[in-house]
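# Coordinate inspection notes
Next come the chains, spelled out residue by residue.
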Amino acid sequence: MMEITRIALSHVQRQSSARDINTSAVSGIAASMKEIGQLTPIFVKRANVPIKGVMEPGYLLIAGNHRVEAARQLGWAEIDARVVAGESLEAELIEIDENLCRAELTAPQRAAAIKRRKQIWEALHPSEIQVAQVAPPEFSAGYKQPPPQERGFAASTASVTGESKASINRHVARAEAIGDEGLSKISGTSLGTGVEMDALAKLPEPERKELIDRAAAGEKVSARVSQQSDTEQAKDPVKVNPAETFAADIHGALRLAMAKHSFRAVVPFAEAVEQG
């Protein structure tokens, strides 16, 4: 566990990718910090940052934007922090978790973040990936019920976001089907909702790409409508003309009779049918 250290607020710099500050949230945090102090440290990584116009050793903020703003609002000179190693996966994971805890992420942004979190989690927990790939414990060790295992990715992420494991897996499925570029394009469009993304993921790739491009261009489109249309076309029965079916049956019967008997014996019967 990284130790908590006190660092100067003047040496803490927000990253360019940081999301906008919610002033109402800052006011609430400031009121709490004034009354009971700082309960949760911020996360930073060492970097050169501009201090009074000069680049000096300082810290880039990974998680805790609102806590930093609240501390500055209170006039604090220092703040509790955990210093994360450079460009480590742990640093990126902390930043992702900070973003996932914020409600204003769009559905595509959340799916992309959880997909990236899965990639990082698997890189940090290779042994748990191996456990998932071997034969079930009941077959390999004679267990009637699988023995307790370490918490997996979905459970780990669910504990961070407050969502169910099923929801986490659904986010990942959406992201893997639509792809990073597609997710970026549909964010903020008519396709940027959970139900639309689910329908979009089920469409054939050419149709999916076309819809994504149209949505990115500003057109209001729906993957659900396209999916329903494809389903209805697949289920639509071929319309049959009863008269044509009857004629075909008669024709088949005549051909069968001709195969069994002489042509002379069949012709009078065929003529009788045609004249009837």
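Residues numbered from 1 in each chain as written. Predicted model: local features only at pLDDT ≥ 70, side-chain atom pairs only at ≥ 80, totals over all residues. Heavy atoms only, no water.

A count of helices and strands for the protein chain gives 13 helices and five strands. Burial statistics for the protein chain: of 276 residues in total, 32% are counted as buried. Pairs at least 24 residues apart make up 65% of the contacts formed inside the protein chain by residues separated by at least 6 positions. A total accessible area of about 17400 Å² is found for the protein chain, and carbon and sulfur atoms account for 53% of it. (Helix = DSSP H or I, 4+ residues; strand = E, 2+ residues; numbered from the N terminus. Buried < 20%, exposed > 50% of the residue type's maximum accessible area, 1.4 Å probe, protein only. Contact = heavy atoms within 4.5 Å. Areas by Shrake-Rupley, 256 points an atom, 1.4 Å probe, with all protein chains shown as cover.)

A separate point is the packing of helix α7 (residues 153–161) against helix α8 (residues 165–186). Taken N-terminus to C-terminus, the directions of α7 and α8 make an angle of 105°; their axes are 8 Å apart at the nearest point. Relative to α8, α7 is oriented roughly perpendicular. In this structure, α7 contributes Phe-153, Ala-154, Ala-155, Thr-157, Ala-158 and Thr-161 to the contact, and α8 contributes Lys-165, Ile-168, Asn-169 and Val-172. Per-class residue counts for the contact of α7 with α8 are six nonpolar, three polar and one charged. (Axes fitted to C-alpha atoms, helices over the stretch in contact; angles between N-to-C directions. Parallel < 35°, antiparallel > 145°, perpendicular 65-115°, else oblique. Nonpolar A, V, L, I, M, F, W, Y, C, P; charged D, E, K, R; others polar.)

Quick look at unusual backbone geometry now. With a phi angle near 55°, Lys-52 is a residue other than glycine that sits in the positive phi range. For Lys-52, the location among the structural elements is in the loop between β3 (42–51) and β4 (54–63).

Axis separation between α8 and helix α9 (residues 194–202) bottoms out at 9 Å; the angle between their running directions is 95°. Considering the angle they form, α8 stands roughly perpendicular to α9. Side by side, α8 and α9 meet where Arg-170, Arg-174, Ala-177, Ile-178, Leu-183 and Ile-186 of the first sit next to Gly-194, Met-197, Asp-198, Leu-200 and Ala-201 of the second.

Okay, the sheet that holds strand β2 (residues 12–13) next. An order of β1-β5-β3-β4-β2 is seen for the five strands of this open sheet, with the pairing classed as mixed. Either end of the sheet is taken by a strand with one partner, and the two such strands are β1 (4–8) and β2. Where β3 and β4 come together, nine bridges link them in antiparallel fashion. What sits directly across from Lys-45, in β4, is Leu-60. Lying on the sheet, helix α2 (residues 65–73) is in contact with β2, β3, β4 and β5 (78–84); it crosses β4 at an angle near 120°. Strands β3, β4 and β5 of the sheet are contacted by helix α3 (residues 89–100), whose axis makes an angle of about 60° with β4. (Pairing = 2+ DSSP bridges.)

It is worth spelling out the nonpolar core at this point. Generally speaking, soluble globular proteins have nonpolar side chains that are buried together. Counting 16 residues, the largest nonpolar core has Ile-7, Ile-42, Val-44, Leu-61, Val-68 and Ile-79 as the members making the most contacts within it. Elements represented by at least two residues in this core include exactly α1 (23–36), β3, β4, α2 and β5. When sequence neighbours within four positions are dropped, the list of residues in contact with Ile-42 reads Ile-7, Leu-61, Ala-63, Gly-64, Arg-67, Val-68, Ile-79, Asp-80, Ala-81 and Arg-82. (Core = buried A, V, L, I, M, F, W, Y, C linked by side-chain atoms within 4.5 Å.)

When pLDDT is averaged along the protein chain, the result is 79, and 70% of the positions lie at 70 or above. Counted against residues more than four places away or in other chains, residues 263–276, with its pLDDT under 50, gives eight contacts. (pLDDT = per-residue confidence, 0-100.)

Our next topic: the pattern of salt bridges. Going through the model one piece at a time under the given rule, you end up with 16 salt bridges. Between Glu-196 and Arg-224 there is a salt bridge, and its shortest N-O distance comes to 3.2 Å. Here Glu-196, found in helix α9, pairs with Arg-224, found in helix α11 (residues 223–235); they are 28 residues apart in sequence, far enough to count as distant. Assessed through its relative accessible area of 41%, Arg-224 is described here as partly exposed. The partner of Arg-214 in a salt bridge is Glu-210, and the shortest N-O contact between them spans 4.0 Å. You can see Arg-214 and its partner Glu-210 sitting in helix α10 (residues 205–216), four residues apart, about one turn around the helix. Each of the salt bridges in this network shares a partner with another, and the network as a whole consists of Glu-181, Lys-185, Lys-209 and Asp-213. (Salt bridge = Lys/Arg side-chain N within 4 Å of Asp/Glu carboxyl O.)

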